[in-house]
Amino acid sequence: MEENESLTDGQKLEKAERMIERKDLEEAQKVLDAVKEKSGRKYYLQGKLFQNKKWTNEARKMFKYAIQSEPENEDYKKALEELETLVEQEKSRLYKNKKQIGFMPNLSDDEKEWCGECCCEMCMLGICEAICNGGS
């Protein structure tokens, strides 16, 4: 951490970006935590880090903060759009799988529909993964 203290916020953000690209997420988080300024780029990089961890809601929030900070930045808008597209694709995939395996046979069709949508939402929010991984 002391190594990061001598860097400017801009240098820390560059370092964090390289770490995120290498999937060194734990160290990247430490570097981002050392950045004092609240900027669109910091929010964007935090969003990329969360996206790599599959923390969809947190990533979405960070991308939205980045866009609010710098509304003209197309990279931030693109990152949010790509995340939303991935979420929709995953929901569609999960929903198809749910229908194919006869999910919860004792429920009515309406109940299956509701339950399946809820499960897809929970999965996209990372709730299931967080539970299975002990909340990490």
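A quick note: this is a predicted structure, and the numbers were derived from the prediction, not measured.

## Some words on the overall build of the chain
Here is step 1: Each helix and strand in the chain was counted, giving 8 helices and 0 strands.
Here is step 2: Helices and strands in the chain line up, N terminus first, as α-α-α-α-α-α-α-α.
Here is step 3: Counted over contacts in the chain with a minimum sequence separation of 6, partners at least 24 positions apart contribute 45%.
Here is step 4: Of the roughly 8,800 Å² that the chain leaves accessible, carbon and sulfur atoms contribute 52%.

## What to know about the nonpolar core
Here is step 1: Counting residues in hydrophobic clusters, the biggest one holds 22 residues, and the most contacted among them are Ile 20, Leu 32, Tyr 44, Leu 45, Leu 49 and Phe 63.
Here is step 2: When residues of this core are traced back to their parent elements, those giving at least two are helix 2 (9–21), helix 3 (25–34), helix 4 (40–52), helix 5 (56–69) and helix 6 (74–100).
Here is step 3: The greatest single-element share of this core, amounting to 5 residues, is contributed by helix 5.

## A closer look at unusual backbone geometry
Here is step 1: Located in the positive-phi region is Lys 23, a residue other than glycine, with phi close to 65°.
Here is step 2: Checked against the element boundaries, Lys 23 lands in the loop between helix 2 and helix 3.

## Thoughts on the packing of aromatic side chains
Here is step 1: Summed over the entire model, instances satisfying the criterion amount to 4 aromatic pairs.
Here is step 2: Taken together, a centroid distance of 5.4 Å and an interplanar angle of 50° make the contact between Tyr 43 and Tyr 65 tilted. Taken together, the residues span a long stretch of sequence, with Tyr 43 in helix 4 and Tyr 65 in helix 5 at a distance of 22 residues.

## With respect to the pattern of salt bridges
Here is step 1: Going through the model one piece at a time under the given rule, you end up with 6 salt bridges.
Here is step 2: Measuring nitrogen to oxygen at the nearest pair gives 3.8 Å for the salt bridge that ties Asp 9 to Lys 12. Here Lys 12 and Asp 9 lie together in helix 2, a separation of 3 residues that amounts to about one turn. Per residue, the accessibility class of Asp 9 equals that of Lys 12, and both read buried.
Here is step 3: Glu 84 is paired through a salt bridge with Arg 60; the nearest N and O atoms lie 2.8 Å apart. Of this pair, Glu 84 sits in helix 6 while Arg 60 sits in helix 5, and the two are 24 residues apart along the sequence.
Here is step 4: For Glu 84, a relative accessible area of 27% gives the class partly exposed.
Here is step 5: What makes Arg 60 buried here is its relative accessible area of 17%.

## Some points on the packing of helix 4 against helix 5
Here is step 1: Remark: helix 4 packs on helix 5, axes separated minimally by 8 Å, with the N-to-C direction vectors making an angle of 165°. Our classification of the angle between helix 4 and helix 5 gives roughly antiparallel. The handedness of the crossing between helix 4 and helix 5 comes out as left-handed. Side by side, helix 4 and helix 5 meet where Gly 40, Tyr 43, Tyr 44, Gln 46, Gly 47, Lys 48, Phe 50 and Gln 51 of the first sit next to Glu 58, Ala 59, Met 62, Phe 63, Tyr 65, Ala 66 and Ser 69 of the second.
Here is step 2: Of the residues belonging to the contact of helix 4 with helix 5, the class tally is 8 nonpolar, 5 polar and 2 charged.

Rules used in this analysis
Residues numbered from 1 in each chain as written. Predicted model: local features only at pLDDT ≥ 70, side-chain atom pairs only at ≥ 80, totals over all residues. Heavy atoms only, no water. Helix = DSSP H or I, 4+ residues; strand = E, 2+ residues; numbered from the N terminus. Contact = heavy atoms within 4.5 Å. Areas by Shrake-Rupley, 256 points an atom, 1.4 Å probe, with all protein chains shown as cover. Core = buried A, V, L, I, M, F, W, Y, C linked by side-chain atoms within 4.5 Å. Buried < 20%, exposed > 50% of the residue type's maximum accessible area, 1.4 Å probe, protein only. Phe/Tyr/Trp six-rings, centres within 6.5 Å; stacked < 30°, edge-to-face > 60°. Salt bridge = Lys/Arg side-chain N within 4 Å of Asp/Glu carboxyl O. Axes fitted to C-alpha atoms, helices over the stretch in contact; angles between N-to-C directions. Parallel < 35°, antiparallel > 145°, perpendicular 65-115°, else oblique. Left-handed = near helix turned anticlockwise from the far one by under 90°. Nonpolar A, V, L, I, M, F, W, Y, C, P; charged D, E, K, R; others polar.

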